[in-house]
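# Observations on chain architecture
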Amino acid sequence: MRAGHLCRLAFAVAALPGLIGLTHAAAKADPAADQHAFQVYARSQFPAVPLADFGNGPYAVNAPMRKQWEEIMQFPPYDFALDEGKAAFEKPFANGRSYGDCFPNKGIGIRQTFPYFDTATGEVVTLDLAINRCREANGEKPLPYQTGLIASIDAYMAETSRGKPFDIKIPDDPRALAAYQDGKRFFYTRRGQLNFSCASCHVQAAGQRLRGDILAPAFGILAAFPIYRSDWGSMGTIDRRFTSCNSQVRSVPFKPQDKAYRDLEYFLSYMSNGVPITGPGARP
Amino acid sequence: MPSTIRVRAVAAGDSTDVQALIQHPMDSGFVKDSDGKLIPPHYIEVLTFEHDGKVVFTALWGPAVAKDPYVKFAFKGGKSGDDLKVSWTDNLGKSDTSVAKIMG
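Residues numbered from 1 in each chain as written. Chains lettered and ligands numbered in written order. Predicted model: local features only at pLDDT ≥ 70, side-chain atom pairs only at ≥ 80, totals over all residues. Heavy atoms only, no water.

### Looking at the overall build of chain A
For clarity, the threshold we go by: Labels follow the DSSP assignment, with helices taken as runs of H or I lasting at least four residues and strands as runs of E lasting at least two, numbered in each case from the N terminus. In this setup the radius of gyration rests on C-alpha atoms only. A globule is expected at 2.2 Å times the number of residues raised to 0.38. Partly exposed describes any residue whose relative accessible area lies between the buried limit of under 20% and the exposed limit of over 50%, with all areas from a 1.4 Å probe on protein chains only and scaled to the type maximum. Any two residues whose heavy atoms approach within 4.5 Å at even a single point are treated as in contact.
Scanning chain A from terminus to terminus reveals twelve helices and seven strands. Against the 2.2 N^0.38 benchmark of 19 Å for 284 residues, chain A shows a C-alpha radius of gyration of 19 Å, consistent with a compact globule. Its C-alpha atoms put chain A at 60 × 45 × 35 Å along the principal axes. Split into buried and exposed, the 284 residues of chain A put 52% on the buried side. Within chain A, contacts between residues at least 6 apart in sequence are counted, and of these 70% link residues at least 24 apart.

### Thoughts on the environment of Ala151(A)
All names here are of chain A. Residue placement: Ala-151 occurs in helix 8 (residues 149-159). You can call Ala-151 buried: its relative accessible area is 0%. Sequence separation of Ala-151 and Arg-240 is 89 residues, and the distance between their C-alpha atoms is 9.9 Å. Once residues within four sequence positions are removed from consideration, Ala-151 is found in contact with Pro-226, Met-235, Gly-236 and Thr-237.

### Quick word on the side chain of Arg6(B)
What counts here: In protein, a polar contact requires one atom able to donate a hydrogen and another able to accept it; more generally it is a pair of N or O atoms within 3.5 Å, and residues adjacent in sequence count only if both atoms are side-chain atoms.
Looking at where Arg6(B) falls in the secondary structure, it is placed in strand 1 (residues 5-12). Separated by 2.7 Å, the side chains of Arg6(B) and Asp83(A) make a polar contact. Leave out the neighbours within four places in its chain, and Arg6(B) touches Phe75(A), Asp79(A), Phe80(A), Asp83(A), Gln19(B), Ala20(B) and Leu21(B).

### Observations concerning the confidence of the model for chain A
Rules: Every residue gets a pLDDT, meaning the predictor's confidence in that residue, from 0 to 100.
Per-residue pLDDT for chain A has a mean of 90; in total, 90% of the residues score no lower than 70. A low-confidence stretch, residues 6-26 of chain A stays under pLDDT 50, and its non-local contacts, those more than four residues away or across chains, total one contact.

### Focus on the packing of aromatic side chains
One pair of aromatic rings is described through two measures. These are the centre distance and the angle between the planes. Residue and element names in this part refer to chain A. In plain terms, the rule: Each Phe, Tyr or Trp ring, with Trp reduced to its six-membered ring, pairs with another whose centre is within 6.5 Å; inter-plane angles below 30 degrees give stacked pairs, above 60 give edge-to-face pairs, and intermediate values give tilted ones.
A complete count under the given rule lists 25 aromatic pairs over all chains for this structure. Their ring planes at 85° and their centres at 6.3 Å tell us that Phe-38 and Phe-267 sit as a pair that is edge-to-face. With Phe-38 in helix 3 (residues 31-45) and Phe-267 in helix 12 (residues 259-271), the pair connects residues that are 229 residues apart, well separated along the chain. With centroids separated by 5.6 Å and ring planes inclined at 55°, the aromatic side chains of Tyr-180 and Phe-267 adopt a geometry described as tilted.

### Side note on the environment of Ile102(B)
Residue and element names in this part refer to chain B. Turning to its location among the elements, Ile-102 is positioned in the segment after strand 7 (95-101). Judged by relative accessible area, which is 2%, Ile-102 ranks as buried. Residues Ile-102 and Gly-53, spaced 49 residues apart in sequence, show a C-alpha to C-alpha distance of 15 Å. Once residues lying within four places of it in the same chain are set aside, the contact partners of Ile-102 are Ala-9, Val-10, Ala-11, Thr-16, His-51, Phe-75, Gly-78, Lys-79, Ser-80, Gly-81, Asp-82 and Leu-84.

### Considerations on the pattern of salt bridges
Stated precisely, the cut-off is as follows: The term salt bridge refers to a pairing of a side-chain nitrogen on Lys or Arg with a carboxyl oxygen on Asp or Glu at a separation within 4 Å.
Taken as a whole, this structure holds 19 salt bridges over all chains when the rule is applied. Arg6(B) serves as the salt-bridge partner of Asp79(A), at 2.8 Å between the closest nitrogen and oxygen. Taken together, the residues Asp79(A) in helix 6 (residues 79-90) and Arg6(B) in strand 1 connect one chain to another. Across the pair Lys169(A) and Asp167(A) runs a salt bridge whose closest N-O atoms are separated by 3.0 Å. The exposure class assigned to Lys169(A) is exposed, which follows from its relative accessible area of 57%. Using a relative accessible area of 35% as the deciding quantity, one classes Asp167(A) as partly exposed.

### Considering the state of the cysteines
All names here are of chain A. Selection criterion: Pairs of cysteine sulfur atoms within 2.5 Å are what we label disulfides.
Counted under the stated rule, the structure contains one disulfide over all chains. Across the disulfide from Cys-102 sits Cys-134; the S-S distance is 2.0 Å. The chirality of the disulfide connecting Cys-102 with Cys-134 is right-handed, given an S-S dihedral of about 70°. In this pair, Cys-102 sits in the loop between helix 6 and strand 1 (116-118) while Cys-134 sits in helix 7 (residues 127-137), placing the two residues 32 residues apart along the sequence.

### Re helix 3 of chain A
Residues and elements named next belong to chain A. Cut-off, in case you're wondering: Expected helix span is taken as 1.5 Å per residue step, with the number of steps being one fewer than the number of residues. The arc in question is formed by the directions pointing from the helix axis toward the C-beta atoms.
Helix length check: helix 3, at 15 residues, gives a terminal C-alpha distance of 21 Å against a target of 21 Å (1.5 Å per residue), a fit within 8%. The complete set of buried residues in helix 3 reads Pro-31, Gln-35, Phe-38, Gln-39, Tyr-41, Ala-42 and Gln-45. In a view along the axis of helix 3, the buried residues occupy a sector of 160°, so they form one face of it.

### Things to note about the domain arrangement of chain A
Residues and elements named next belong to chain A. Filter applied, for reference: Bear in mind that the domain bounds are from an automatic or database domain assignment.
In terms of domains, chain A is made up of domain 1 (2-76 + 169-283) and domain 2 (79-159). Between the C-alpha centres of domain 1 and domain 2 there is a distance of 24 Å. Taken together, the contact pairs 27 residues of domain 1 with 26 residues of domain 2. Applying the counting criterion to the domain 1 and domain 2 interface returns one salt bridge. The residue Glu-123 makes a salt bridge to Arg-262 at a minimum N-O spacing of 3.1 Å. Linking domain 1 to domain 2 there are ten residue pairs in polar contact (both at pLDDT 80 or more).

Here it is as structure tokens:
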């Protein structure tokens, strides 16, 4: 109900300047203002949750789940993936170079800067994409997305970045702004037979139950990736979450690392600026 | 190869609390892969914990146990600094062993 009122209010406010200067209002994107509004709303939904805790998703907003999680974390289920990822990350390719050579600071403690907008190629580059481009540049086959070794490497890179707040920048480039706008549109667009948008569950209904699950707030949701989901029984990357979310609302998912998903990740990570990386995470 | 066994054993009073996590596919033999072929059975049959030359816990597992199984139990005895030996054997004859120190 409360969210419904807010929506109507926002619509009424937005409609006024829209009438006066329709083209002007539509062309002007203001990511910083969007981010501020997004964060203020999330914090007002969960006033008791400290900023740093938003990276812990459902456990930040539900005490019984948090208790179970704390027990699980005595033996984090992603531990084996972390070992595998570290070993793969440090093992040189056939040409003697390694993953570290493809990234700033040798790939350590940089998760919070992904995804970034590459002004040279004019597209959003996610960590998964960067990992596979690194492999290809060194004569290795790209890894399949969503799970397996790529998730393990993600896990290791995230683990070295724990505690570092998301620091996503939108450069002064119309293409970057367009990517941001596309991601934003994706997030708020209803899709699938169930006619849900990302925001329906992760903004409007955040903290509530969806059957047995507690919906994590969108604010900070990507800080925990990659995740070990008990439901999956394995690790999953952001792609895996996006494709399964899309399937769950009965829409046809995009391909992993499709432009639509990269832009969505760009928008969502930018909205979460300031939330420290907690990945890899464990989710039910 | 990194160990497939994670153990945490803590001595508390006259008993020791043990938790362990084991990395294993635990394939039941009834699941098909994406090509429709059966994934052959591959599961742990025996898991044992030894303290001071004596078996303190035995688990007879089978195809119904979940992947990457977790086990928790307590036994009488054990003190800080003692060794706790964990080993498993599966239906393909593979095995792994790990020795952990009991914490105080």
